[in-house]
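# Coordinate inspection notes
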Amino acid sequence: MTADSERPVAVFDLDNTLADTAHRQRFLERRPRDWDGFFAAAPDDPPLAEGVALALERARECEVVYLTGRPERCRRDTVAWLAAHGLPKGRVYMRRDDDRRPARRTKLDVLRGLARTRDVRVLVDDDELVCEDAERAGFTVVRARWATPSADLKVVQEREGRT
């Protein structure tokens with residue numbers, strides 16, 4: 001067993017927890033939604049200071065992992081964004097490109113999988129439905145309420161399973 005595998009895990013969402021998506025919300029307001037534009041703009045997300053500070057703080061005692069509803073095709077940009085903004089290195093869990101389940105289901109599946117072999121210390125996420133389901137499942141949750149909420153993002157997370 002490595003030292004990291006013995007440490008508890010702190011799980012962080014990305015969009016509107018660590019990354020400010022406000023500048024790309026316009027792609028979700030259109031009909032049909034412009035998913036290629038939405039995800040192509042993600043590398044330009046400004047970091048959210050509160051989320052970044054919390055991730056750095058948690059990294060002192062936990063292994064930080066990232067759990068996002070972004071599709072797998074965004075991995076390269078996502079990993080580069082995390083490094084560019086000085087976030088702790090960590091595994092990045094992303095949804096399969098064809099997975100359209102609600103974020104609360106995909107994320108809870110990953111959390112339960114992690115909890116089978118690790119102490120999941122905390123989940124930090126902005127999605128209320130994800131937070132509620134995680135709490136019901138027995139996980140400690142910190143609600144990321146430091147970004148301006150987007151009604152369109154909430155809809156796509158729950159109904160369209162896109163992020």
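What counts, and where the lines are drawn
Residues numbered from 1 in each chain as written. Predicted model: local features only at pLDDT ≥ 70, side-chain atom pairs only at ≥ 80, totals over all residues. Heavy atoms only, no water. Pairing = 2+ DSSP bridges. Helix = DSSP H or I, 4+ residues; strand = E, 2+ residues; numbered from the N terminus. Axes fitted to C-alpha atoms, helices over the stretch in contact; angles between N-to-C directions. Contact = heavy atoms within 4.5 Å. Buried < 20%, exposed > 50% of the residue type's maximum accessible area, 1.4 Å probe, protein only. Core = buried A, V, L, I, M, F, W, Y, C linked by side-chain atoms within 4.5 Å.

In any sheet, the strands associate via hydrogen bonds between backbone groups, in a parallel or an antiparallel arrangement. On the basis of which strands lie adjacent, the open sheet formed by 5 strands has the order β3-β2-β1-β4-β5 and parallel pairing. Both outer strands of the open sheet, β3 (92-95) and β5 (141-143), are each paired with one neighbouring strand and no more. Strand-to-strand twist across the sheet, computed as the mean angle between neighbouring axes with direction ignored, equals 20°. Most of the contacts of helix α5 (residues 75-84) go to β3, to which it runs at about 145°, and overall it touches β2 (63-71) and β3. Contacting β1 (9-12), β2, β3 and β4 (120-125), helix α6 (residues 103-115) crosses the sheet at an angle of about 150° to β2.

Buried within helix α7 (residues 128-136) are the following residues: Val-130, Cys-131, Asp-133 and Ala-134. Turning to α7, the residues buried within the fold contact α6, β4 and β5. Positive backbone phi, at 100°, marks Gly-138, one or two positions downstream of α7.

Once that is clear, we can look at the nonpolar core. Grouped together as the largest cluster of nonpolar side chains are 26 residues, with contacts concentrated most on Phe-12, Leu-18, Tyr-66, Leu-82 and Leu-87. Listed by contribution, the elements that provide at least two residues to this core are β1, α2 (26-29), α3 (35-40), α4 (49-58), β2, α5, β3 and β4. Aside from chain neighbours lying at most four places away, what touches Leu-87 is Leu-18, Val-52, Ala-55, Tyr-66, Trp-81 and Leu-82. Ranked by size, the runner-up nonpolar core spans 15 residues in total, among them Ala-103, Leu-114, Val-120 and Phe-139.

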